[in-house]
Amino acid sequence: MRSFAFVRTDDVSAAIAASADSSTAQQGASARFVAGGTTLIDLMKLNVERPERVIDINRLPLDRIEPLADGGLKIGATVRNSDLANHAVVRRDYPVLSQAVLAGASAQLRNMATTGGNLLQRTRCMYFRDTASACNKREPGTGCSAILGANRTLAILGTSEHCIATNPSDMNVAMAALEATIHVRGIRGERSIAIADFHLLPGDTPHRETVLEPGDLITHVTLAPPAPGSRSCYLKLRDRASYEFALASAAVIVTVVGGRVARARIALGGVGTKPWRSTRAESVLTGEPVSGPAFRKAADAALHDARPRSQNAFKVELARRCLVHALKEVTL
Ligand code: SF4
């Protein structure tokens, strides 16, 4: 590991200023905030992340889960995954989120990993983590080793000729279905970003994964009140029963009235370059009777644009079946 400066503060403004202070050519470009460190420290050991300054945000007052006046929920950026998944209100009102977080990683990692860090979790593409391999995400312009290489676990939706890496987070898939809002503070003030706009498709700039600018700090996430009468669940399919990333997953939130789907929110994981909300599947499903054929039609719509590579064509049907099964879970 290379040497780096370490800064610890209990003040949000000071943390942001410390990030901006590390600027040379590009403001804040070489600084990283650290909380649980479950992604960042790994990647620093692998020499993939090489920050000059690491700013510890564990002492910032961002570790609370609080109800909002409108019936929604505010989740601080440094709330640990374990605390989020086991919070009584999350379990009662947002079971899809609790289930998704508990489906990720191991108990030890969930005790460390945070809400903000999970939003920024980086891909598990093996070439990204191996500095001897060409990787446009790690080193723009060097090429993508995965497109003609080991791509079994990689994405089939939202890919480009420059990168096919999967977003690995389970939590992000539930957040996408819940239409979470991410609140950020940076050197130019505060702003709120819908999760649909937060993660970027790789396009020809796969090294840019979110709309965050250097110095931006995620402060909290807000959720709208649960839709009346809705039921939700997260289903994750993987190579082994625990401590494994999704090959395909589905987060669904459905309201049924009179035997028909009145409202649906659908997001897929393990198959997209970003948490994959499928408004197309939602439209297909809305108004349909609760039935296997309707769910299958929605699943076909969700995977309509899938573009598999040499080793991951199986994910198309796996993701369809995952979504159908999740929809049955909450409706039948
Ligand atoms: Fe790098 Fe993306 Fe290609 Fe993986 S898929 S090697 S992360 S460019």
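For the structure itself, look to the data block above.
Residues numbered from 1 in each chain as written. Predicted model: local features only at pLDDT ≥ 70, side-chain atom pairs only at ≥ 80, totals over all residues. Heavy atoms only, no water.

A. Summary view of the environment of Leu 303. Residue position: Leu 303 is located in the loop between α11 (292–302) and α12 (314–331). Sequence separation of Leu 303 and Ser 278 is 25 residues, and the distance between their C-alpha atoms is 8.8 Å. Contact partners of Leu 303, with chain neighbours within four places excluded, come to Ile 156, Leu 157, Leu 268, Val 316, Ala 319 and Arg 320. (Helix = DSSP H or I, 4+ residues; strand = E, 2+ residues; numbered from the N terminus. Contact = heavy atoms within 4.5 Å.)

B. How the structure looks around the environment of Ser 192. Within the secondary structure, Ser 192 sits in strand β7 (residues 189–194). Residues Ser 192 and Arg 265 lie 73 residues apart in sequence; the distance between their C-alpha atoms is 21 Å. Residues within four places of Ser 192 in sequence aside, it is in contact with Thr 181, Ile 182 and His 183. A polar contact of 3.1 Å, which involves the side chain of Ser 192, links it to the side chain of His 183. (Polar contact = N/O pair within 3.5 Å; in protein donor to acceptor, adjacent residues only side chain to side chain.)

C. Highlighting the site of the ligand. Taken together, 13 residues surround the ligand, and among them Cys 125, Cys 135, Cys 144, Cys 163 and Ile 164 come closest. A breakdown of the residues in the shell around the ligand according to their chemical character gives nine nonpolar, three polar and one charged. (Near = heavy atom within 4 Å. Nonpolar A, V, L, I, M, F, W, Y, C, P; charged D, E, K, R; others polar.)

D. Structural context of the pattern of salt bridges. A complete count under the given rule lists 25 salt bridges for this structure. Measuring nitrogen to oxygen at the nearest pair gives 3.8 Å for the salt bridge that ties Arg 263 to Glu 179. Here Arg 263 is found in strand β11 (residues 260–269), whereas its partner Glu 179 is found in the loop between α8 (171–177) and β6 (181–186), with 84 residues between them in sequence. Since its relative accessible area comes to 25%, Arg 263 is described here as partly exposed. Each of Arg 32, Glu 49, Arg 122, Lys 137 and Glu 209 takes part in a single network of salt bridges with overlapping partners. (Salt bridge = Lys/Arg side-chain N within 4 Å of Asp/Glu carboxyl O. Buried < 20%, exposed > 50% of the residue type's maximum accessible area, 1.4 Å probe, protein only.)

E. Main features of the packing of α11 against α12. Contact geometry for α11 and α12: axes closest at 9 Å, N-to-C directions at 140°. Classified by the interaxial angle, the pair formed by α11 and α12 is oblique. Here the hand of the crossing between α11 and α12 comes out right-handed. Where α11 abuts α12, its residues Gly 292, Phe 295, Arg 296, Ala 298, Ala 299, Asp 300 and Ala 302 lie against Glu 317, Arg 320, Arg 321, Leu 323, Val 324, Leu 327, Lys 328 and Thr 331. Classifying every residue of the contact of α11 with α12 by side-chain character gives seven nonpolar, two polar and six charged. (Axes fitted to C-alpha atoms, helices over the stretch in contact; angles between N-to-C directions. Parallel < 35°, antiparallel > 145°, perpendicular 65-115°, else oblique. Left-handed = near helix turned anticlockwise from the far one by under 90°.)

F. Seen up close, the sheet that holds strand β2 (residues 31–34). The strand order across the open sheet built from three strands is β1-β3-β2, with neighbouring strands paired in parallel fashion. Each edge of the open sheet carries a strand with a single partner, namely β1 (5–8) and β2. Recorded for the sheet is a direction-independent mean angle of 25° between the axes of neighbouring strands. Examined bridge by bridge, β2 and strand β3 (residues 53–56) share four bridges and lie parallel to one another. Paired with Val 34 across the bridge in β3 is Asp 56. Contacting β1, β2 and β3, helix α1 (residues 12–21) runs over the sheet at an angle of about 175° to β3. (Pairing = 2+ DSSP bridges.)

G. Main features of the side chain of Glu 209. Residue position: Glu 209 is located in the loop between α9 (195–198) and β8 (217–223). Separated by 2.9 Å, the side chains of Glu 209 and Lys 137 make a polar contact. Setting aside residues no more than four positions away along its own chain, Glu 209 makes contact with Arg 122, Lys 137, Phe 198, His 199 and Leu 200.

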